[in-house]
Amino acid sequence: MVTLAQGGWFHREVVGAGLLPLFVFLCSFIAGFAFIRLSVRMIRAEVRWWPGNVRPGGLHIHHVVFGVVFMLVSGASLIVVSDPSVTVKSVLAGVFGVGAALVLDEFALILHLRDVYWTEAGRTSVDAVFVAIALCGLVLLGFRPVAVIDWSGYQSDPTPGNALLLVGVVLLALVLAVITLLKGKVWTGLLGLFFLPLLVIGAIRLSRPDAPWARWRYRDKPKRLARAARRDQRWRHPVITAKIKFQEFMSGRHDLPDLWHELQHRATHRDDRD
């Protein structure tokens with residue numbers, strides 16, 4: 001086994017590249033997410049010996065609040081400390097990682113402005129966590145966003161031609177990423193920022209039938225919309241089903257009804273009767 005002293009991959013690609021704070025951030029992020037998911041599942045299972053929710057005065061304090069505090073403390077500390085060492089950066093990155101995990105684990109609550117943690121909408125939080133882990137992991141493995149790669153090339157040869165090429169590539173990547181995301185292909189759009197051909201494929205291929213692009217562009221094209229629906233049913237649905245099973249194996253089942261939507265539905269029908 002290659003050790004740090006022997007100049008292994010970790011020492012060369014992480015420590016040597018100045019990515020140790022990012023590595024600590026990712027490890028603490030994963031650990032924070034694993035712990036909070038274990039905690040909420042124990043609470044949901046009503047395990048008696050496990051500490052329950054924090055309820056001072058009967059008010060339920062969501063863990064996103066603690067996450068925000070951790071992120072503010074670590075971020076402010078990094079700003080205040082003058083010329084911090086790698087050790088200090090790594091410690092603060094660890095605190096920030098735990099805070100980010102607590103925040104993203106309740107991303108769906110922030111997005112919907114209501115508690116949808118165990119409902120179907122709550123899966124958005126798990127998606128956000130997986131995206132954060134994937135992007136950090138790609139950077140640690142040596143992948144760089146398209147714009148960063150181009151900047152490094154421009155700095156080695158800062159000519160007007162390279163500057164125009166840089167601007168063109170960055171604008172092209174951004175346009176393709178926006179089109180891909182509007183077509184409902186979130187993973188393709190994000191990973192494509194590290195590998196431009198993915199963005200080209202995502203922008204050219206049909207949109208998902210329920211994505212904004214389909215609503216805007218396929219409204220008067222029923223054949224294209226039907227083809228998109230068939231492709232989505234054939235290729236995407238099995239992948240999404242497998243993803244949901246894996247997510248729920250890791251984070252618990254999101255199977256509670258969305259009470260807010262139920263109340264809205266009842267209110268609408270009551271108004272119709274009145």
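So, a few notes on the structure that sits alongside this text. (Residues numbered from 1 in each chain as written. Predicted model: local features only at pLDDT ≥ 70, side-chain atom pairs only at ≥ 80, totals over all residues. Heavy atoms only, no water.)

### Focus: the pattern of salt bridges
Definition in use: Here a salt bridge means any side-chain nitrogen of Lys or Arg lying within 4 Å of a carboxyl oxygen belonging to Asp or Glu. Relative accessibility decides the category of a residue: with a 1.4 Å probe and only protein chains considered, values under 20% of the type maximum give buried, values over 50% give exposed, and everything between is partly exposed.
For the structure shown, the criterion picks out 8 salt bridges. Two residues, Glu 248 and Arg 253, come together in a salt bridge whose shortest N-O distance is 4.0 Å. The class of Glu 248 is buried, set by a relative accessible area of 15%. Among the residues examined, Arg 253 registers a relative accessible area of 55% and is labelled exposed. Ionic contacts of the salt-bridge type, sharing partners, join the residues Glu 120, Arg 123, Glu 248 and Arg 253 into one network.

### What about the side chain of Arg 123?
So the rule is basically this: Helix and strand definitions here come from DSSP, where helices need a minimum of 4 consecutive H or I residues and strands a minimum of 2 consecutive E residues; each element is numbered from the N-terminal end. Two N or O atoms form a polar contact when they lie within 3.5 Å of each other; inside protein one atom must be a possible hydrogen donor and the other a possible acceptor, and for residues adjacent in sequence the pair counts only when both atoms belong to side chains. Only heavy atoms matter for contacts: two residues are in contact if any of them lie within 4.5 Å across the pair.
Its place among the elements puts Arg 123 in helix α6 (residues 123-140). For Arg 123, the side chain forms a polar contact with the side chain of Glu 248, separated by 3.1 Å. In this view, Arg 123 contacts Ile 244, Gln 247, Glu 248 and His 254; residues no more than four positions away in its chain are not counted.

### Some details on the packing of helix α3 (residues 63-80) against helix α4 (residues 86-104)
To describe two helices that pack against each other, one gives the angle between their axes and the distance between the axes. Our working definition: To obtain each axis, a line is fitted to C-alpha atoms, and for helices this fit is confined to the stretch in contact; angles are then taken between N-to-C directions over 0 to 180 degrees. Note that the term roughly parallel is reserved for angles under 35 degrees, roughly antiparallel for angles over 145, roughly perpendicular for angles of 65 to 115, and oblique for everything else. A clockwise turn of the near helix away from the far one marks a right-handed crossing, whereas an anticlockwise turn of less than a right angle marks a left-handed crossing. Note on residue categories: nonpolar means Ala, Val, Leu, Ile, Met, Phe, Trp, Tyr, Cys or Pro, charged means Asp, Glu, Lys or Arg, and polar means any other residue, Gly included.
At a minimum axis separation of 7 Å, α3 and α4 run at an interaxial angle of 155°. By the angle class used here, α3 and α4 are roughly antiparallel. Classified by chirality, the crossing of α4 by α3 is left-handed. Contacts between α3 and α4 involve His 63, Val 64, Phe 66, Gly 67, Val 68, Phe 70, Met 71, Ser 74, Gly 75, Ser 77 and Leu 78 from the first element and Lys 89, Leu 92, Val 95, Phe 96, Val 98, Gly 99, Ala 100, Leu 102 and Val 103 from the second. For the contact of α3 with α4, a count of residues per class yields 13 nonpolar, 6 polar and 1 charged.

### As for the nonpolar core
What counts here: To define a nonpolar core, start from buried Ala, Val, Leu, Ile, Met, Phe, Trp, Tyr and Cys residues and group those joined through side-chain atoms within 4.5 Å.
If you look at the biggest cluster of nonpolar residues, it comprises 15 residues, and the most contacted ones within it are Phe 25, Phe 29, Val 129 and Leu 140. When residues of this core are traced back to their parent elements, those giving at least two are α2 (20-44), α4 and α6. It is α6 that provides the largest number of residues to this core, a total of 6 residues. If we skip the residues at most four places from it in the chain, Leu 140 touches Trp 9, Val 14, Leu 19, Leu 22, Phe 23 and Leu 26.

### Structural notes on the packing of α2 against α4
Running from N to C, α2 and α4 point in directions that differ by 35°, and their axes come no closer than 7 Å. The way α2 lies across α4 gives a crossing that is right-handed. Counting all contacts with α2, which are made through Leu 20, Pro 21, Val 24, Phe 25, Ser 28, Phe 29, Gly 32, Phe 33 and Ile 36, the residues of α4 involved are Val 86, Lys 89, Ser 90, Ala 93, Gly 94, Phe 96, Gly 97, Val 98, Ala 100, Ala 101, Leu 102 and Leu 104. Considered class by class, the residues forming the contact of α2 with α4 number 15 nonpolar, 5 polar and 1 charged.

### As for a positive patch on the surface
Rules: Two distance rules govern patches: like charges are joined within 9 Å, and nonpolar side chains (Val, Leu, Ile, Met, Phe, Trp, Tyr) within 5 Å, applied only to residues with over 30% relative accessible area and no salt bridge. Accessible areas in this description were obtained via Shrake-Rupley with a 1.4 Å probe; residue shielding takes into account the shown protein chains only. The charge count treats Lys and Arg as positive and Asp and Glu as negative. His and the chain ends do not count. The location of each charge is read from NZ of Lys, CZ of Arg, CG of Asp or CD of Glu.
Positive charge collects at one region of the surface, where Arg 205, Arg 217, Lys 221, Arg 224, Arg 227, Arg 230 and Arg 231 lie side by side. In terms of residue count, the dominant contributor to the positive patch is helix α12 (residues 222-251) (4 residues). For Arg 205, the position within the fold is in the loop between α10 (196-204) and α11 (212-217). A relative accessible area of 41% means that Arg 205 is categorised as partly exposed.

### Looking at unusual backbone geometry
At Asp 83, a residue that is not glycine, the phi angle is positive and equals roughly 50°. Note that Asp 83 resides in the loop between α3 and α4. One non-glycine residue, Leu 113, lies in positive phi territory at about 55°. The class for Leu 113 is exposed, based on a relative accessible area of 74%.

### Focus: the environment of Val 146
Following the sequence through the fold, Val 146 ends up in helix α7 (residues 146-156). Along the chain, Val 146 and Leu 193 lie 47 residues apart, while their C-alpha atoms are 5.8 Å from each other. Residues within four places of Val 146 in sequence aside, it is in contact with Val 169, Gly 192, Leu 193, Phe 194 and Leu 196.

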